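If you want the building blocks of each chain, they are given just below.
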Amino acid sequence: MEVGIFVSNKKSEIIKILKDSEGKTISGEELGHRIGISRTMVWKYMRLLVDEGYGIESSPKRGYLLKSVPDLLNRDEIRMGLRSGFIGQQIHYFNELESTNITAKELAYGADDGTVVIAEVQKKGRGRLGREWLSPHGGIWISIILKPTISLTHVSRLTLVAGVAIAKSMRKLGVDARIKWPNDILIGDKKVCGILTEVNAEIEQVDYIVIGIGINANVDMNDLIGDVKNIATTLWSEIGKPIDRVSFIQDLLFDIEQEYIKFMTQSFSGILDEWTSLSDTIGRQITIMTPYNIVEGKAVGITDDGALVIKNSDGRREDIMAGLCIYT
Ligand code: BTN
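This one's a predicted model, so the numbers in the text were calculated from it and none came from an experiment.

A.B. asks: Would you explain the pattern of salt bridges in this entry?
C.D. replies: Oppositely charged side chains can form a pair if their charged atoms are brought close together. Tallied over the full model, the rule gives 24 salt bridges. Here D176 makes a salt bridge to R171, at a shortest N to O gap of 2.9 Å. D184 is the partner of K191 in a salt bridge, and the nearest nitrogen-oxygen pair spans 2.9 Å. Note on K191: relative accessible area 17%, which makes it buried. Linked by salt bridges that have partners in common, K168, E259, K262 and E274 make up one network.

A.B. asks: It is not clear to me how the sheet that holds strand β7 (residues 184–187) should be interpreted in this structure. Could you clarify?
C.D. replies: One key point about sheets: their strands pair by backbone hydrogen bonds, in either a parallel or an antiparallel sense. In space, the 7 strands of this open sheet follow the order β3-β4-β5-β9-β8-β7-β6, with mixed pairing throughout. One side of each edge strand has no neighbouring strand; the edge strands of this open sheet are β3 (91–97) and β6 (177–180). For this sheet, the mean angle separating the axes of adjacent strands, direction not counted, is 20 degrees. Pairing analysis gives 7 bridges linking strand β5 (residues 140–146) to strand β9 (residues 205–215), with the strands arranged antiparallel. Paired with S143 across the bridge in β9 is G212. Sitting on the sheet, helix α6 (residues 155–171) is in contact with β5, β6, β7, β8 (190–202) and β9, with an inclination near 150 degrees to β8.

A.B. asks: I'm lost on the site of the ligand in this one. Help?
C.D. replies: In the region of the ligand, 19 residues are neighbours, and S99, Q122, R126, R128 and K191 sit closest. T100 is positioned such that a nitrogen or oxygen atom in its side chain is 3.0 Å from a nitrogen atom of the ligand. Q122 places a polar side-chain atom, nitrogen or oxygen, 3.0 Å from a nitrogen atom of the ligand. If the ligand stood free it would expose 420 Å²; the protein chains cover 99% of that surface. Taken atom by atom, the bulk of the ligand overlaps the largest pocket.

Thresholds, definitions, all that
Residues numbered from 1 in each chain as written. Predicted model: local features only at pLDDT ≥ 70, side-chain atom pairs only at ≥ 80, totals over all residues. Heavy atoms only, no water. Salt bridge = Lys/Arg side-chain N within 4 Å of Asp/Glu carboxyl O. Buried < 20%, exposed > 50% of the residue type's maximum accessible area, 1.4 Å probe, protein only. Pairing = 2+ DSSP bridges. Helix = DSSP H or I, 4+ residues; strand = E, 2+ residues; numbered from the N terminus. Axes fitted to C-alpha atoms, helices over the stretch in contact; angles between N-to-C directions. Contact = heavy atoms within 4.5 Å. Near = heavy atom within 4 Å. Polar contact = N/O pair within 3.5 Å; in protein donor to acceptor, adjacent residues only side chain to side chain. Areas by Shrake-Rupley, 256 points an atom, 1.4 Å probe, with all protein chains shown as cover. 1 Å grid on protein atoms, 1.4 Å probe; cavity = no way out; pocket = protein on both sides within 12 Å on 5 of 7 lines; lining within 4 Å. Sits in = over half its atoms within 2 Å of the grid points.

Structure, rendered in structure tokens:
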């Protein structure tokens with residue numbers, strides 16, 4: 001079920017006032033007066049917030065004091081302090097979904113450009129090449145609906161745009177995030193994030209694009225099971241403490257919007273340069289398994305459309321659009 005459709009504005013206002021009070025108790029009367037509701041309504045909102053995990057100390061004489069904020073990605077929290085102009089202005093937030101990409105595609109036709117779908121947990125998270133994407137509590141599972149007027153052939157560029165923005169956002173946290181072609185973000189040799197771009201188009205005209213981003217943010221390493229445990233990492237374990245997921249998402253949406261604006265208004269070579277400087281793949285010996293063949297060689301560059309340029313052992317160049325990339 002989608003959370004908080006009707007009450008979110010007053011609730012956001014109350015959260016903001018409590019946060020701004022910085023350790024001071026604020027009376028129900030003053031709160032009600034400031035947002036134009038009765039003391040009884042203030043009390044009802046407080047109960048709602050406590051149910052959502054906010055630590056609120058209430059004393060009948062003095063009022064309310066905010067002690068703690070839950071580690072939840074609820075949209076009121078994200079909206080406050082969002083610096084992006086259109087990405088994230090509409091947020092659909094769910095405690096649990098099968099997949100944010102699936103829901104984003106269902107919502108896409110009626111949705112504004114930049115609408116975001118977020119879930120605390122995904123039951124059937126989708127990865128590339130038909131694989132499952134493990135999505136327990138503590139992660140950032142998010143899909144962004146974009147409606148650019150671009151041709152189908154340029155859609156793959158958007159994965160590069162997203163990769164650059166995500167790597168840049170993560171680097172601000174102090175980790176050495178790099179991009180593994182085509183769309184993994186690594187820290188060291190471990191994967192911390194994957195991107196799944198899906199498109200709906202008619203002949204050449206794109207209707208919408210969904211960029212699905214999965215980040216192992218505050219995921220407990222013990223929740224990573226099977227093979228994933230050996231090849232994945234989390235921001236929490238890399239940094240040594242849990243990150244503030246809300247402020248990270250606010251920064252991430254802003255950074256994605258900045259890169260997206262560059263993509264729409266400037267020559268693509270700027271993004272390619274950024275991608276190349278953040279790339280973990282270029283310069284490495286690799287094997288790529290495509291649906292048709294296996295290609296081995298050295299990764300030497302990236303084309304305008306996001307194909308990896310490979311020089312194989314007899315010096316021939318091959319441009320690979322998609323596949324599973326293994327470092328050798
Ligand atoms: C990959 O295989 O590396 C891509 C993983 C993409 C996972 C994200 S999580 C949010 C969005 N919803 C999904 O079902 N998948 C993407």
